[in-house]
Amino acid sequence: DLVWGGDKALCRRVARALHRCFCQPSATMGDVAQFEVMIRTLMSQSNEERNRAEAAFEELCKQPEAAAPLLCAGMTQSADETVRSLTAVMFRKRVTVEFYNQLTPPTQIALKGALIAAVENEQMHMVRKKIADTTGEIAAMIIEDPEGSWPEMLPFLFQSGRSANAPLRESAMLIIARLTFAASEVLVQNLQVVLELCSATLQDANKDVRLAALSATCNFVVAISEQRATLESTSGLVPVMFGVLSTALNENDEESSRQSLEEFIAVAEEAPKLFRKFLDPLVTMSLQIVTAENLEDQTRFLAVELLLTISEQAPGMMRKHTIFLSNMVPMALKLMLKVEHMDLAEWNQTTDDDDDDESSSLDVGKDALDRLALSIGGKAVFQLAFQQELVPTFLAHPEWVYRHAALSCISQIAEGCSKQMKAHLKDIVEQIACRFVDEHPRVRWAAINAMGQLETDLGPDLQDGYHARVLPALVHVMEDAANPRVQSHAAAAVINFTENCKKEILIGYLDGLLGKLVILLQGGVRIVQEQAITAIASVADCVEDAFAPYYAGIVPTLKQMLTQCTSKEHRLLRGKTMECISLIGIAVGKEVFRNDAKEVMDQFFATQSTAMDPDDPQASYLLQAWGRVAKALGQEFIPYLHVVMPPLLQSAGIKAETEIADEDGEEGEDEEGIAHVVIETDTGTKKVALKTSALEEKETACNMLVCYFAELQEGMFPYIEGVAGLMIPLLAFVYSSEVRTAAAALMPELVRAAVVSLSKNLCQPTFVATLCAMIFDKVVKAIVEEPEPEVQLALIEALQESLDHGGAGCLGNVDGLYTKEKEVLESLAAVTGEVLQRAQGRAEARTDEDFDEEEEEEQERGGAPPCQHRRRGLQT
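Residues numbered from 1 in each chain as written. Predicted model: local features only at pLDDT ≥ 70, side-chain atom pairs only at ≥ 80, totals over all residues. Heavy atoms only, no water.

J.: Help me out: how do you make sense of the overall build of the protein chain in this one?
T.: Looking only at helices and strands, one finds 45 helices and 3 strands in the protein chain. Buried positions account for 53% of the 876 residues belonging to the protein chain. For the protein chain, the share of sequence-separated contacts (at least 6 apart) that also reach a separation of at least 24 residues comes to 73%. Here the protein chain displays about 39,000 Å² of accessible surface, and carbon together with sulfur accounts for 51% of that area. (Helix = DSSP H or I, 4+ residues; strand = E, 2+ residues; numbered from the N terminus. Buried < 20%, exposed > 50% of the residue type's maximum accessible area, 1.4 Å probe, protein only. Contact = heavy atoms within 4.5 Å. Areas by Shrake-Rupley, 256 points an atom, 1.4 Å probe, with all protein chains shown as cover.)

Listed below in structure tokens is the structure:
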């Protein structure tokens, strides 16, 4: 046995020994035995042993001609199932295009032959599936490479798919599933063979073959979804595709049922109209699954997702389907009747976030209503929801869960049904407000939640017309001291109300509203205090200088909270206190705020100077609070920049992403606080782990830099060069559109700060010219490359404002020897072309057989497709 050394020198000696042994056309028995030791060691529980084996394996893979025979042998010849399994996985990860192209032609042929042999001969089911996945990935890689060729693969698959050997049939369809995108052109050329093979295997007697066939068929449909005529020719497969799901359900095989539903959802996302001729059985079967109480929730919820996905991707088609329309709202309401019952004392100990369980029946039903209203449209959904036997009857039902469901329904459909609700706003507001005094606190909470959502979705109409009914009712329900969650949510609804409220309206309610919020702030439990303090901040933000008479009665309490709320459980409350004080400072102006500003900033600095945990919410609040104080004080804030800027720049430059070595081309399950994404780069595909808290911190910091430069201009001169070096590259930051948007907004502010600094003799003309050259180079390039229209618009606006601030000659030197006018015009021409293409796409959509009045209204509004909107709930 090979003994792995502990240092790099020994690893190199091992690699050289492996090279001497293995650089033959095939591996010897001794070579394979040593290779197996290495593979087993990769699975060692000892980190030290595993790291040594990984280092040796990496060294070996640097020599493809040596590594390939061993990978093939380990996958096909080892008697150890675990070795064959792990080797198949490592094969897929390490045999890249670069690796393959370094092999000699005989070794390439041997590698392809070994893969086919492994597919044919492997007996263990799980290992066979991994080998099939690996073979499919390698085949796709070779076929996609302009220099690659594997003409034997498709004939082998077509033959294997008809084999008398069920495992071989399954493997063939698994490989086809992996090949559909890379080999779609060749598959279409053999369309009749493909259709016959899919039809036969979809009806196979073996369950595993049927599931593999369904995956292959659905992937093929998605791959050709843009080829209308070819897609139409596959529609005959739909009934046998349904048969796979039906059989699984009849056999009580829920795992296979879920797998089938997931495949249908993938088709619905890309080719929903494939189901057009078969909507009756599809919708009926899906509704039966949803209502089958004997099935697991996960299975039932996937059926809901299938129906919603079709409605989002083909809304015109589904608006015409009677069975779908008549059943979706009642189905969602029925799901929402299943609410977790808990003791009210326990319920009051939870927060609104604790209720955010996407897998619960209640939340699936709520999500369904939201998405249905946004996709199908308000005209149909409003009429369905408010028919007498649904929302009106539910609101009067003696059981609280029905009233809770009705109020939740109103909340969820408000955005999609805003036009219809505005026409009946008086009645709807009254229906909700009268439930503020419902006998059950969870119904009161749902009523407040609904009102808060309507304040957002139907504002400012609701605020303008019904402030006298809503605000006093919210103040009254804040007295529900026995139910802190109700009090807390009432304060949160005030926040929503102020966002679309005219200053003149709110001023008339300040005495009673602020008086009640201060009482909650001083005597409420923590979750109530947190919302009360944010509500005070939002009121100040709305009424601006009219808040001044209340300043002296509120700010001392806030300052006291800054000094006294120092425990870990009060970190969020303390952060919200920073937010509140800084917003009040902006509202009342520096003349009122100046006397307290230094004391407040001293507290900010003390907080900033202490070591904070990575998840401490105070960090984000502090970044924003400093920026607001800067806005409140203006030029008087400049002496504090040396305190603020270093941590701000550190946050803006924080690295939120970590590349994951074991990229497998798919997004993995997210850990808490970590999001996994797969991105395409100039060097290929890579998988990245994003730390969401770090990304949010970066986004906040970038937005605050915009604030500082906008407010302080030449006062920021010492930081222009450093900030430009940090932020200009972020115009292409692929992980966050918010970062890119903030970077775009900062560019004209940098130019303006430099130009003003020049006018005050703080710098030379060359400084401004160099900065402009850097900015225009990147902005022009970013405009063309930006994938999101909203960010693209921000970049174009940044270009225009930068040109305005830069003035004549900012696109080139004074002699006119080099200018960027041509590049700017070319980038704008490219964007104009994209806009015209989208306009053409909308024009073509009008000729679609499903185009109707709802879609015409959506086009006229110029809004995003309904499926792009997602509700975030009551903003607290």
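Read on for the rest.
J.: What is the right way to look at the packing of helix α18 (residues 297-313) against helix α20 (residues 322-336) in this model?
T.: Packed helix pairs are specified by the crossing angle of their axes together with the interaxial distance, meaning the distance between the axes. The contact between α18 and α20 brings their axes to 12 Å, and the two run at 140°. By the angle between their axes, α18 is oblique relative to α20. Crossing of α18 over α20 shows left-handed handedness. Here α18 contributes Arg-300, Phe-301, Val-304, Leu-307, Leu-308 and Ser-311 to the contact with α20, which in turn contributes Phe-324, Met-328, Met-331 and Leu-335. Here the residues of the contact of α18 with α20 are counted per class, giving 8 nonpolar, 1 polar and 1 charged. (Axes fitted to C-alpha atoms, helices over the stretch in contact; angles between N-to-C directions. Parallel < 35°, antiparallel > 145°, perpendicular 65-115°, else oblique. Left-handed = near helix turned anticlockwise from the far one by under 90°. Nonpolar A, V, L, I, M, F, W, Y, C, P; charged D, E, K, R; others polar.)

J.: Is there a simple way to explain the nonpolar core in this structure?
T.: When a protein is soluble and globular, its nonpolar side chains tend to lie buried together. The biggest cluster of nonpolar side chains holds 291 residues, and the ones touching the most others in it are Ile-584, Phe-637 and Tyr-708. At 11 residues, the largest contribution of residues to this core is made by helix α33 (residues 526-543). In contact with Tyr-708, other than residues within four places in its own chain, are Leu-623, Trp-626, Gly-627, Ala-630, Phe-637, Leu-641, Val-644, Leu-648, Gln-713 and Met-716. (Core = buried A, V, L, I, M, F, W, Y, C linked by side-chain atoms within 4.5 Å.)

J.: Just to check I follow, could you spell out the state of the cysteines for this structure?
T.: Note on terminology: a disulfide is the covalent bond linking the sulfur atoms of two cysteines. Evaluation of the coordinates by the stated rule reveals 0 disulfides. Cysteine Cys-772 is unpaired, with the sulfur of Cys-810 as its nearest cysteine sulfur at 5.5 Å. The class of Cys-772 is buried, set by a relative accessible area of 2%. (Disulfide = S-S within 2.5 Å.)

J.: Looking at this structure, how should I read unusual backbone geometry?
T.: The general pattern is negative phi for most residues beyond glycine and trans for most peptide bonds. Pro-460 follows Gly-459 through a cis peptide bond whose omega is 0°. Structurally, Pro-460 is set in the loop between α28 (441-457) and α29 (461-477). Unusually for a residue other than glycine, Glu-544 sits at a positive phi of about 55°. Structurally, Glu-544 is set in the loop between α33 and α34 (548-564).

J.: Help me understand helix α27 (residues 425-433), please; the structure alone is not making it clear to me.
T.: The periodicity of an α-helix, 3.6 residues per turn, causes residues three or four places apart in sequence to face the same way. Here α27 has its buried residues at Leu-425, Ile-428, Val-429, Ile-432 and Ala-433. One face of α27 carries all of its buried residues, which in axial projection span an arc of 125°. The exposed set on the far side of α27, more than 90 degrees from its buried face, consists of Lys-426 and Asp-427. As for α27, its buried residues are in contact with α23 (378-385), α25 (400-413), α26 (418-423), α28 and α29. (Arc of directions from axis to C-beta.)

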